[in-house]
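Residues per chain, in single letters:
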Amino acid sequence: MLRVFLYLFMSVFLVTACAAPTTPTLGADGKPLPQAYRIGSGQAGKIQFRILDSINALRQAGAAGPLQLNASLNAAAATHSRDMSLQNRPWHFGSDGSSPIDRVQRAGYPGTMLGENISETFETEMETLSAWMEQPDTRAIIMDHKATNLGFSWHQEANGKIWWTLITGGA
């Protein structure tokens, strides 16, 4: 019995040793090509809180108060992300002609909508936040001292493209 087990073990070991090693696909520059960023179904809360924590750290460094996630703003952001995907263009107006203010009101947000950042990308939420922080207009929305609430959501297409939407609001 021990011999049979050893033969079986050695056979499996030899077969796996013969398998071709996996090497990353290289680009023209000789560096590995980036892997598609895929968002799993259980990651929604983690992504939203990672963004919230990162934005609050940036706001603290800029002497702005912290933001809190708001379910109504999250819903408005999710709706707009899906709509941008259907329209296949990143812009602030919905396919029904709605403005960001209209969408926030429809979602039941009782405060004032202050700003909206959008992005069409294959990048992670942190890379997208970094890009927003590099531009004065999108940075101003994130760092607005009047903002107290945050909505953040996305829609990912089958090809990996992600439509990100960030909304800020205040009382």
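Residues numbered from 1 in each chain as written. Predicted model: local features only at pLDDT ≥ 70, side-chain atom pairs only at ≥ 80, totals over all residues. Heavy atoms only, no water.

Asker: In this structure, what is going on with the nonpolar core? I would like to understand it.
Answerer: Across soluble globular proteins, you tend to see nonpolar side chains buried next to one another. With 20 residues, the main nonpolar core has Ile55, Ile142, Phe152, Trp164 and Leu166 as its most contacted residues. Setting aside its immediate chain neighbours within four residues, Leu166 contacts Ile55, Gly115, Glu116, Asn117, Trp132, Ile141, Ile142, Leu150, Gly151 and Phe152. Judged by nonpolar contacts, the second largest core, of 7 residues, contains Val104, Tyr109, Met113 and Ile167. (Core = buried A, V, L, I, M, F, W, Y, C linked by side-chain atoms within 4.5 Å. Buried < 20%, exposed > 50% of the residue type's maximum accessible area, 1.4 Å probe, protein only. Contact = heavy atoms within 4.5 Å.)

Asker: Sorry, what's going on with the packing of helix 5 (residues 125-134) against helix 6 (residues 136-143) here?
Answerer: Direction vectors running N to C along helix 5 and helix 6 enclose 110 degrees, while the axes themselves pass 5 Å from each other. Taken together, helix 5 and helix 6 sit at an angle that is classed as roughly perpendicular. Across from Leu129, Trp132, Met133 and Glu134 in helix 5, the residues of helix 6 making contact are Pro136, Thr138, Arg139, Ile142 and Met143. Here the contact of helix 5 with helix 6 is composed, by residue class, of 6 nonpolar, 1 polar and 2 charged. (Axes fitted to C-alpha atoms, helices over the stretch in contact; angles between N-to-C directions. Helix = DSSP H or I, 4+ residues; strand = E, 2+ residues; numbered from the N terminus. Parallel < 35°, antiparallel > 145°, perpendicular 65-115°, else oblique. Nonpolar A, V, L, I, M, F, W, Y, C, P; charged D, E, K, R; others polar.)

Asker: Please clarify how the sheet that holds strand 3 (residues 149-156) should be interpreted in this entry.
Answerer: Through backbone hydrogen bonds, the strands of a sheet pair up, either in parallel or in antiparallel fashion. Spatially, the 4 strands line up as an open sheet ordered 1-3-4-2, and their pairing is mixed. With one partner strand each, in any of the chains shown, strand 1 (68-69) and strand 2 (112-121) form the two edges of the open sheet. Bridge count for strand 3 against strand 4 (residues 162-170) is 8 bridges, and the pairing is antiparallel. Looking at the pairing, Asn149 lines up with Gly169 of strand 4. Contacts between helix 5 and the sheet are confined to strand 2, strand 3 and strand 4, with strand 2 contributing the most and set at about 115 degrees to the helix. (Pairing = 2+ DSSP bridges.)

Asker: Sorry, what's going on with helix 2 (residues 44-61) here?
Answerer: Helical periodicity: at 3.6 residues per turn, an α-helix aligns residues three or four positions apart in one direction. An ideal rise of 1.5 Å per residue puts 26 Å on 18 residues; helix 2 measures up with 26 Å between its terminal C-alpha atoms. Among the residues of helix 2, those classed as buried are Ile47, Gln48, Ile51, Leu52, Ser54, Ile55, Asn56 and Arg59. For helix 2, the elements touching its buried residues are strand 1, helix 3 (71-87), helix 5, helix 6, strand 3 and strand 4. Just downstream of helix 2 lies Ala63, where phi reads positive at about 65 degrees. (Expected span 1.5 Å × (residues − 1).)

Asker: I would appreciate a short explanation of the pattern of salt bridges in the present structure.
Answerer: Any two side chains of opposite charge can pair, on the condition that their charged atoms come close. The final tally for this structure, using the stated rule, is 4 salt bridges. For Glu120, the salt bridge is made with Lys161, and the minimal N-O distance between the two is 2.8 Å. On the criterion of sequence distance, the pair formed by Glu120 in strand 2 and Lys161 in the loop between strand 3 and strand 4 is long-range, its members being 41 residues apart. (Salt bridge = Lys/Arg side-chain N within 4 Å of Asp/Glu carboxyl O.)

Asker: Could you clarify how one ought to interpret the packing of aromatic side chains in this entry?
Answerer: Tallied over the full model, the rule gives 4 aromatic pairs. Between Phe152 and Trp164 the ring centres are 5.4 Å apart and the planes differ by 15 degrees, which places this aromatic pair in the stacked class. With Phe152 in strand 3 and Trp164 in strand 4, this pair connects stretches of sequence that are 12 residues apart. With respect to class, Phe152 is no different from Trp164; both count as buried. The interplanar angle of 55 degrees and the centroid separation of 5.6 Å between the aromatic rings of Trp154 and Trp164 together place this pair among those described as tilted. Remark: Trp164 occurs in strand 4 and Trp154 occurs in strand 3; sequence separation between them is 10 residues. Each of the two residues, Trp154 as well as Trp164, counts as buried. A network of ring pairs unites the aromatic residues Phe152, Trp154 and Trp164 as a single cluster. One Lys or Arg, Arg89, reaches over the ring of Trp91 and ends 3.9 Å from the middle of that ring. (Phe/Tyr/Trp six-rings, centres within 6.5 Å; stacked < 30°, edge-to-face > 60°. Lys NZ or Arg CZ within 6 Å of the ring centre and 35° of its normal.)

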